[in-house]
Amino acid sequence: MRVISGSARGSRLKRVPGDATRPIMDRVKESLFNILGKVDGEVWLDLFAGTGQVGIEALSRGADEVVFIDKVRQAIKTIEANLKTTRLQERAQVVQADAFDYLNRSAVEGKNGRFHLIYVAPPQYLGLWQQVMDVLDERPSAWLTSAGIVVVQIDPKEYESLTLQNLSLYDSRTYGNTQLCFYEQLSED
């Protein structure tokens, strides 16, 4: 596990002890960033951040800020260690919290339109990704900029078509046992 490109290129990243997290494979991460293109100046939210490697890759490639959310203490320690290794901690905010509590709290605090990208990679087979999408779909503008997107990382066996009112699936890519689903906001006209 390493940073692929940017200022921290080649930095080795630590794994979260145990098997509670499922780090993204480097080739999938590289494909993700090839699809996204430039991330310079963007602000990201990395939900269920695990090792933090997706958000760290974004910071390495020029994102202005990434907020990392995970409720597992070992994951938080791993993210902090990986940020220190890559020297990217100044542009990161690491929050130990339940993802749903964080989303509810930030919506109430009125940080509207804050994120260019929300990355959702929850523990597998618990239906959490669908629950997160339901929350985000209620008021996407509470968390996303006008052109902001949501990227979900799941096992392809978990995928199901969602009935959403304000977000729409516009792309999906499968790499072995990892599927990336890309959601955008529906225009208001």
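Look up a bit, the structure's there.
Let me sum up the structure you'll find in this document. This is a predicted model, so every value here is computed, not measured.

### Side note on the overall build of the protein
Helix and strand counts for the protein come out as 5 helices and 7 strands. Taken from the N to the C terminus, the helices and strands of the protein come in the order α-β-α-β-α-β-α-β-α-β-β-β. For a compact globule of 189 residues, the expected C-alpha radius of gyration is about 16 Å, and the protein comes in at 15 Å, within 12% of that figure. A principal-axis box enclosing the C-alpha atoms of the protein has dimensions of 45 × 35 × 30 Å. The buried share of the protein, taken over its 189 residues, is 51%.

### Observations concerning the packing of aromatic side chains
Taken as a whole and assessed by the stated rule, the structure comprises 3 aromatic pairs. Each ring, one from F33 and one from W44, has its centre 5.6 Å from the other, and the planes form 5°; the classification is stacked. Of this pair, F33 sits in helix 1 (residues 26-36) while W44 sits in strand 1 (residues 43-47); the two residues are 11 residues apart in sequence, bridging distant segments of the chain. In this structure, F33 and W44 share a single accessibility class: buried.

### Details of the sheet that holds strand 4 (residues 115-120)
Strands sit in the order 3-2-1-4-5-7-6 across an open sheet of 7 strands; the sheet is mixed. At either margin of the open sheet sits one strand with a lone partner, and together these are strand 3 (92-96) and strand 6 (167-175). Mean inter-strand twist for the sheet, computed between neighbouring axes without regard to direction, equals 15°. In this sheet, strand 4 lies alongside strand 1 in parallel orientation, the contact comprising 4 bridges. By the bridge assignment for strand 4, L45 is matched with I118. Of the strands in this sheet, strand 1, strand 4, strand 5 (144-154), strand 6 and strand 7 (178-185) touch helix 1, which is tilted by about 25° from strand 7. Sheet contacts for helix 2 (residues 53-60): strand 1, strand 2 (65-70), strand 3 and strand 4; angle to strand 2, the most-contacted strand, approximately 175°.

### Examining the layout of surface pockets
Of the voids in this model, the largest pocket is the one considered here, and its volume is about 420 Å³. Contributing to the lining of the largest pocket are 28 residues, with F48, G50, D70, A121 and P123 lying nearest its centre. Across the lining of the largest pocket, the residue classes tally to 17 nonpolar, 6 polar and 5 charged.

Parameters and conventions
- Residues numbered from 1 in each chain as written.
- Predicted model: local features only at pLDDT ≥ 70, side-chain atom pairs only at ≥ 80, totals over all residues.
- Heavy atoms only, no water.
- Helix = DSSP H or I, 4+ residues; strand = E, 2+ residues; numbered from the N terminus.
- Rg over C-alpha atoms; globule rule 2.2 N^0.38 Å.
- Buried < 20%, exposed > 50% of the residue type's maximum accessible area, 1.4 Å probe, protein only.
- Phe/Tyr/Trp six-rings, centres within 6.5 Å; stacked < 30°, edge-to-face > 60°.
- Pairing = 2+ DSSP bridges.
- Axes fitted to C-alpha atoms, helices over the stretch in contact; angles between N-to-C directions.
- Contact = heavy atoms within 4.5 Å.
- 1 Å grid on protein atoms, 1.4 Å probe; cavity = no way out; pocket = protein on both sides within 12 Å on 5 of 7 lines; lining within 4 Å.
- Points joined across faces, edges and corners; volume = space filled by probe spheres on them.
- Nonpolar A, V, L, I, M, F, W, Y, C, P; charged D, E, K, R; others polar.

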